[in-house]
Amino acid sequence: MNPSEEFLEHGMSQQNLKRTSCATVLTLAYQSLGIVYGDLSTSPLYVYKTTFSGKLRLKENDEEIFGVLSLIIWTFTITALFKYVFIVMSADDNGEGGTFALYSLLCRHAKLSILPNQQATDEKLSAYTTQDSEETWLSSHLKLFIEKHPRFQKGLLIFVLLGTCMTIGDGVITPAISVFSAVSGVQVKIKELHDNYVVIISCVILVVLFSIQHHGTHRVAFMFAPVVAAWLLCISGIGIYNIFHWNRQIYRALSPFYMLKFLKTTGLEGWMSLGGVVLSITGVEAMYAALGHFSALSIKVAFTCLVYPCLIFAYMGEAAFLSKHHHAIQDSFYKAIPETVFWPVFIVATFAAIVGSQAVISATFSIVSQCCALNCFPPVKIVHTSSRIYGQIYVPEVNWILMCLCLAVTIGLRDIDMMGHAYGLAITTVMFVTTCLMTLVMVIVWKQGIIKAIIFLVLFGSIELLYISASYCKIPEGGWIPLVLSFAFMSVMFTWNYGTMKKHEFDVENKVSMSKILSLGPCLGMVRVPGIGIIFSNLASGVPAIFGHFVTNLPAFHQVLVFVCVKSVQVPCVSDNERLIISRIGPKEYRMFCCIVRYGYKDLQQENYNFENKLVSAIIQFVEIEESDPAPTPEELCMDGGNLSMEHLAVSPHTLNNSCYIEKSFPFSCVLRVKKNENDHLQESPYKDESMQILRAKESGVTYILGHSYAEAKKSSSILKKFAIDVVYAFLSKNCRDPDVYLNVAHTSLLEVGMVYHV
């Protein structure tokens, strides 16, 4: 396998980045144009129009135009180039970007432990990389502060959820404003065209855009990349033409003097216009969130070599045109296009607007996937659309929800200015959240000094707070939309996280003592029946309460019992040879095992493999390895509060390479041969007695026992908590995906046991 193929096969991690070929980087840079930079490159469609709205339109002259251009250039350079491309892009989590990627880094280094069932063995994962540099005074004290203050941990989680929800809200607004602003350009030539027709055309384009998402980012990228490349070359060429044709002195706006003079002379109106200026960088957060689809190097190459210079020329050219046509401010982009190339550019602009929406849609899919894995969003169907490039996904439910919300915004507002105000508020909030998290990463993860961290926070944070303050003034004029959307998404996320954590606390507090269950055996008439029973548990150690409820009502369980815990860990992906951890529960004659199935927040929880075959082979391998290990002493087989746990009652857990195990050591065909020629095979079998018992149990059948725990708020709970648990969380639990779905369990082999717990 050549380096290029290896890179694509294993994802976009920094370790693999060192082995990539130049051709791979250029290929990914080309693809990133259609996925990552579509949003950023279509900003010229509406930046000047939104900036010169309100009272600033009455003060329009050359000084104001030069000042706005200077603000755009320096905002674009400082935030997009310096902050994101040069600094933030370096803070990837094994190739994954976005708000939750930064938070995941902090969780691993500062021990935030937002996920249940975290164990010391998880830190031995190959993807669980931490900085080996020595702790600084600041990093050690900051970690200690975070560990001692649970309220700070919860506040940080809410802060991250706010930024995440604003990004999802951005995924609603971006397609609406991009497509609507592009289509409305036709009214420059066809003035009698009614606004209703523009809305209808925009809605049709949006429906088509969301309908093709199931084809996958990989195919969409190759289809969209030529459009964005053509668009960037068009607007840069037109910009250069306008500079030489209308005002060659426009280069003077590169001086920050004009920016400062503009803010001083325009006062309040100039400050409020910043809500329009910030639209020039609306795609940078999506660029970072979509990092997992490509590589940091490919995105940097595309930005610095093509995107940045083309957009600078485009903004300068439009400003040069405006300096000679003050009356054309509301349709400046299309009116600045030379007459002879208007229609070709209009067609490219429409396609580019469609592509621009793709960036935030892809970013939204990545964010939702991360949220699901980190217990902040109900499990939904996640489809990996590329067999070669890891991390390119499609989320059907989220796709159609975004489409409906985009159509509602387009039909409801019908105003580019109001959409722009909503857009600016969403993106500035997300950028500020990223700045704060990045500051913590610099101190805790990178072990940087306090001076560098403060400079980063003050420099970029002050700029973003200035833009946020201007955007919040536009709340009555459309800025309320991202706030409402964010509140709705954040309520769902926080309720789901709260409910799942309470459910885990209930399971931990109500773990069952196996000795107690077995002591009740004679009076209950408990028997062991042939076969293997696989019990899904929310606990990584111990016997769940659902099992006690099961044997009390049905006093019989299988010859071999396996408690399976499917859990997420705070890493992007877990390799196949580290997927399962097998351990024994209780004495050997009980034939009870614990299996932990680990997934990263970027992993596909596969639906296309036979889980029980892998599990049985892994258990057999564990039994064979256990034979060569020294037996645990009676002191090691102790009870912890009457409950059995993996750490106390199991031998040292072994991590197993199950894919290699099935293919080489214990192929599934071998299990079938035992049934066909059992007598002969027993004499020649290399397996020990216990291994043969497990194989016979497998041939008798496998039953999956899945617990359905229903949460109910206590009678003494407040009305808000009762609504959150009894209505919202209950609805989400009923409609989310259970482990049996993504482990491909046949319904004929499934047994469900219900329980109610109060929180």
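In this report, the structure presented in the accompanying data block is examined. (Residues numbered from 1 in each chain as written. Predicted model: local features only at pLDDT ≥ 70, side-chain atom pairs only at ≥ 80, totals over all residues. Heavy atoms only, no water.)

Regarding the nonpolar core
Step number 1: Counting residues in hydrophobic clusters, the biggest one holds 169 residues, and the most contacted among them are Tyr 37, Met 287, Phe 303 and Tyr 334.
Step number 2: Examining the composition of this core, we find that 18 residues originate from one element, helix 18 (residues 342-373), more than from any other.
Step number 3: Residue contributions to this core reach at least three from each of two domains, namely domain 1 (34-85 + 175-415) and domain 2 (480-626 + 687-758).
Step number 4: Contact partners of Tyr 334, with chain neighbours within four places excluded, come to Leu 45, Ser 181, Ala 182, Gly 185, Val 188, Phe 342, Phe 346 and Ala 349.
Step number 5: With 32 residues, the next largest nonpolar core counts Ile 535, Leu 561, Phe 563 and Ala 711 among its residues. (Core = buried A, V, L, I, M, F, W, Y, C linked by side-chain atoms within 4.5 Å. Buried < 20%, exposed > 50% of the residue type's maximum accessible area, 1.4 Å probe, protein only. Helix = DSSP H or I, 4+ residues; strand = E, 2+ residues; numbered from the N terminus. Domains from an automatic or database assignment. Contact = heavy atoms within 4.5 Å.)

What to know about empty space enclosed by the protein
Think of a ball as big as a water molecule: rolled over the atoms, this probe shows where empty space is left.
Step number 1: Scanning the entire structure with this criterion turns up four cavities of 30 Å³ or more.
Step number 2: In terms of lining, the largest cavity is formed by Ile 235, Ile 238, Gly 239, Asn 242, Ala 314, Glu 318, Phe 333, Ala 336 and Ile 337.
Step number 3: Every element with two or more residues in the lining of the largest cavity is listed here: helix 11 (217-246) and helix 16 (296-322).
Step number 4: The element that contributes the greatest number of residues to the lining of the largest cavity is helix 11, accounting for four residues. (1 Å grid on protein atoms, 1.4 Å probe; cavity = no way out; pocket = protein on both sides within 12 Å on 5 of 7 lines; lining within 4 Å. Points joined across faces, edges and corners; volume = space filled by probe spheres on them.)

Comments concerning the state of the cysteines
Step number 1: If you walk through the whole model with that rule in mind, you get zero disulfides.
Step number 2: Of the cysteine sulfurs around Cys 594, a residue in no disulfide, the closest is that of Cys 565, at 7.0 Å. (Disulfide = S-S within 2.5 Å.)

Quick word on the side chain of Arg 598
Step number 1: Tracing the sequence through the fold places Arg 598 in strand 6 (residues 592-599).
Step number 2: Since its relative accessible area comes to 2%, Arg 598 is described here as buried.
Step number 3: Separated by 2.8 Å, the side chain of Arg 598 and the backbone oxygen of Glu 578 make a polar contact. (Polar contact = N/O pair within 3.5 Å; in protein donor to acceptor, adjacent residues only side chain to side chain.)

Quick notes on the packing of aromatic side chains
Step number 1: Counted under the stated rule, the structure contains 24 aromatic pairs.
Step number 2: On the basis of an interplanar angle of 45 degrees and a centroid distance of 5.9 Å, the ring pair of Phe 303 and Tyr 308 is categorised as tilted. Each member of the pair, Phe 303 together with Tyr 308, is buried.
Step number 3: Seen in terms of ring centroids, Phe 342 and Phe 346 are 6.3 Å apart; in terms of plane orientation they differ by 10 degrees. Their pairing is stacked. Placement of both Phe 342 and Phe 346 in helix 18 is noted, with a separation of four residues, approximately one turn of the helix. For the residue pair Phe 342 and Phe 346, the accessibility class agrees, reading buried in each case.
Step number 4: An aromatic cluster is defined as three or more aromatic residues linked by ring pairs; in this entry it consists of Trp 231, Phe 333, Tyr 334, Phe 342, Trp 343 and Phe 346. (Phe/Tyr/Trp six-rings, centres within 6.5 Å; stacked < 30°, edge-to-face > 60°.)

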